Amino acid sequence: MAGFYRAADDEALIGGDLYSVRPTPFGVRAIVGDVKGKGINATQTVATVISTFQEAALLHPTLPQVADRIDVALQLDRDNPPPEPVSHTQPEHSADDAKGLVDELFTTAVLLEFTSDARTVQVLDRGHQPLLIVRRHTTSVVPAEHSLPLGMADLLTEPPGTTACRLEPGDILLAYSDGVTEARDSTGTFYPLPERLRHHYATSAQPVSPSDLISFLQEDVTRWAHTLGDDVIAIAFQRI
């Protein structure tokens, strides 16, 4: 695997995008997500999602159960917001504004579970950007059941299910945030991710590898949009 992460704030060490990958008794599991929200609340939500995923991925036999555990953790955060800092100056936002930000916090995410031979990956899409499979000269969207983001389980009418995706030798599975596809050039045109990958690999004689794909993507997005208004993350996985 290979990946890159860039916060919209160049001086920030972390932003609202997140990822975690770890081996478990049920296969290698991963999460790539994007917290909706800003400031300290978003940072706290990132910590909640990652820490809960890392624990639940080791304990629960199915991805929906892992997602359920994250939903519960986010609901606990929503029901128990952090106290307001004490300030002797007039606050820029009211307590009601802060409560609104907490209520609006949720996380789009895709959860993955690779079989031991990495020939199949189970995909659980909780409102995130569609995965892509990159093969030499082709790029295609991975069909998956699209559901509501993590943290919105109380609005689900039925439990979301997983989709099995078959990986052929050499395939690269690419997960990314909307910071990639919503990067704009000087005319306001969004970055056309599948088309840029197809064009690059149609003219490239090099074999497709995660490091090559990520290097190209990082440089190409930067060329396309000289300034980024959102956090950007992309993670590429390949069988070995």
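Structure report, in brief. (Residues numbered from 1 in each chain as written. Predicted model: local features only at pLDDT ≥ 70, side-chain atom pairs only at ≥ 80, totals over all residues. Heavy atoms only, no water.)

## With respect to the sheet that holds strand β4 (residues 106-114)
The strand order across the open sheet built from five strands is β2-β3-β4-β5-β8, with neighbouring strands paired in antiparallel fashion. Every interior strand has two partners, whereas the edge strands, β2 (17-24) and β8 (163-166), have only one. The sheet shows a mean angle of 20° between the axes of neighbouring strands, direction not considered. (Pairing = 2+ DSSP bridges. Helix = DSSP H or I, 4+ residues; strand = E, 2+ residues; numbered from the N terminus. Axes fitted to C-alpha atoms, helices over the stretch in contact; angles between N-to-C directions.)

## A closer look at the sheet that holds strand β6 (residues 132-135)
Strands belonging to one sheet form pairs held by backbone hydrogen bonds; the direction of such a pair is parallel or antiparallel. The strand order across the open sheet formed by five strands is β1-β10-β9-β6-β7, and the pairing between neighbours is antiparallel. Sheet topology places β1 (2-6) and β7 (138-141) at the edges, where each strand pairs with a single neighbour. Ignoring strand direction, the axes of neighbouring strands in this sheet form an average angle of 20°. Note that β6 and β7 share four bridges and pair antiparallel. By the bridge assignment for β7, Leu-132 is matched with Val-141.

## Concerning unusual backbone geometry
Glycine aside, negative phi is the norm for most residues, and most peptide bonds take the trans geometry. The residue Ala-118 is not glycine, and still its phi comes out positive at about 60°. With respect to the element layout, Ala-118 can be found in the loop between β4 and β5 (120-126).

## Some remarks on the pattern of salt bridges
In the structure shown here, the tally under the stated rule is eight salt bridges. One salt bridge connects Asp-34 with Lys-36, and the closest N-O pair in it is separated by 3.1 Å. Since its relative accessible area comes to 25%, Lys-36 is described here as partly exposed. Residues Asp-171 and Arg-135 are paired through a salt bridge, measuring 2.7 Å at the closest nitrogen-oxygen approach. Residue Asp-171 is located in the loop between β8 and β9 (172-176), and its partner Arg-135 is located in strand β6; the two are separated by 36 residues in the primary sequence. We classify Asp-171 as buried; its relative accessible area is 2%. Overlapping salt bridges, with partners in common, bring together Asp-34, Lys-36 and Asp-178 in one network. (Salt bridge = Lys/Arg side-chain N within 4 Å of Asp/Glu carboxyl O. Buried < 20%, exposed > 50% of the residue type's maximum accessible area, 1.4 Å probe, protein only.)

## A word on the packing of aromatic side chains
For any pair of aromatic rings, the description consists of the separation of the ring centres together with the inter-plane angle of the planes. What the rule picks out here adds up to two aromatic pairs. When the ring of Phe-114 is compared with that of Phe-237, the centres are 5.4 Å apart and the planes differ by 40°; the resulting orientation is tilted. Taken together, the residues span a long stretch of sequence, with Phe-114 in strand β4 and Phe-237 in strand β10 (residues 232-238) at a distance of 123 residues. Accessibility classification places Phe-114 together with Phe-237 in one group, the buried group. (Phe/Tyr/Trp six-rings, centres within 6.5 Å; stacked < 30°, edge-to-face > 60°.)

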